[in-house]
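# Analysis of the macromolecular model
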Amino acid sequence: MLPERIGGRYRVVRELGQGGMGVVYLAQDEASEGAEVALKVLLTRRFSESGLRHFEQEFRTLTSLSHPNLTEVYDFGRVTPEGTDHPVPFFTMEFVPGETLGRHLEPGGDRFDALYECLAQTGQALAYLHGRGVIHQDVKPSNILVTEVDGTPQPKII
């Protein structure tokens, strides 16, 4: 069942997807005049207090990063899902309208230039992360979204 609100200020619009770690929703941040955000609620109940502290530290590290090919991370909190008494962490990040890199580069047509440009930009973002001691650990086409900026495809690592 789709929650109406998460974290008090986020109104859930629709589910964007699910993965092994959690559910991602499109939400409107009512504290920022309804700005759209991607909101990820982690599904695991295996978080100990020390695990949550580690996750929060990781979140603080991500908010200190700034690169045009990385999604921005905004907010962190905990929510207690309906029907449970265990709080789980959530975070919000930039909503990137577009498609996954895999879909963007599906066979058909002349896509070499687009592939090269997307991979070059993705490599620059990964070099930026590594230069700051951050390892992504789950880089794959479904974790790279491609959006259009001034008519040019721009990948964003999520």
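This text follows the structure it describes.
Cut-off values and rules
- Residues numbered from 1 in each chain as written.
- Predicted model: local features only at pLDDT ≥ 70, side-chain atom pairs only at ≥ 80, totals over all residues.
- Heavy atoms only, no water.
- Salt bridge = Lys/Arg side-chain N within 4 Å of Asp/Glu carboxyl O.
- Helix = DSSP H or I, 4+ residues; strand = E, 2+ residues; numbered from the N terminus.
- Buried < 20%, exposed > 50% of the residue type's maximum accessible area, 1.4 Å probe, protein only.
- 1 Å grid on protein atoms, 1.4 Å probe; cavity = no way out; pocket = protein on both sides within 12 Å on 5 of 7 lines; lining within 4 Å.
- Points joined across faces, edges and corners; volume = space filled by probe spheres on them.
- Nonpolar A, V, L, I, M, F, W, Y, C, P; charged D, E, K, R; others polar.
- Phe/Tyr/Trp six-rings, centres within 6.5 Å; stacked < 30°, edge-to-face > 60°.
- Pairing = 2+ DSSP bridges.

## As for the pattern of salt bridges
This model, assessed by the stated rule, comprises 6 salt bridges. A salt bridge links Glu 30 to Arg 5; the shortest N-O distance between them is 2.2 Å. Residue Glu 30 is found in the loop between β3 (22–29) and β4 (35–42), and its partner Arg 5 is found in strand β1 (residues 5–6); the two are separated by 25 residues along the sequence. Residue class for Glu 30 comes out partly exposed when judged on its relative accessible area of 41%. Three or more residues are tied together by salt bridges with common partners; here these are Arg 5, Arg 11 and Glu 30.

## A closer look at the layout of surface pockets
Looking at the largest pocket, its volume works out to about 1,600 Å³. If you go around the largest pocket, you meet 49 residues; those closest to its centre are Lys 40, Phe 91, Met 93, His 136 and Ile 158. Elements supplying a minimum of two residues to the lining of the largest pocket: β2 (10–18), β3, β4, α1 (49–63), β6 (88–94) and β7 (99–100). Element by element, the count of residues in the lining of the largest pocket is highest for α1, at 7 residues. Taken together, the residues of the lining of the largest pocket break down into 22 nonpolar, 18 polar and 9 charged.

## Side note on the packing of aromatic side chains
Applying the stated criterion across every chain, the model contains 2 aromatic pairs. Aromatic side chains Tyr 10 and Phe 90 sit 6.1 Å apart centroid to centroid with 75 degrees between the ring planes, which places their arrangement in the edge-to-face category. Of this pair, Tyr 10 sits in strand β2 while Phe 90 sits in strand β6, and the two are 80 residues apart along the sequence. Look at Phe 59 and Phe 76: their rings are 5.6 Å apart centre to centre, the planes differ by 40 degrees, and that puts the pair in the tilted class. Residue Phe 59 is found in helix α1, and its partner Phe 76 is found in strand β5 (residues 73–79); the two are separated by 17 residues along the sequence. Exposure class is identical for Phe 59 and Phe 76. Each is buried.

## Side note on the pairing of β2
The side chains of a regular strand alternate, first on one face of the sheet and then on the other. Examined bridge by bridge, β1 and β2 share 2 bridges and lie antiparallel to one another. Bridging from a neighbouring strand, Ile 6 pairs with Tyr 10 of β2. Counted between consecutive antiparallel strands, the loop separating β1 from β2 contains 3 residues, among which Gly 7 sits at a positive phi close to 65 degrees. Pairing analysis gives 7 bridges linking β2 to β3, with the strands arranged antiparallel. Of the residues in β3, the one forming a bridge with Val 12 is Ala 27. From the end of β2 to the start of β3, which pair antiparallel, there are 3 residues.

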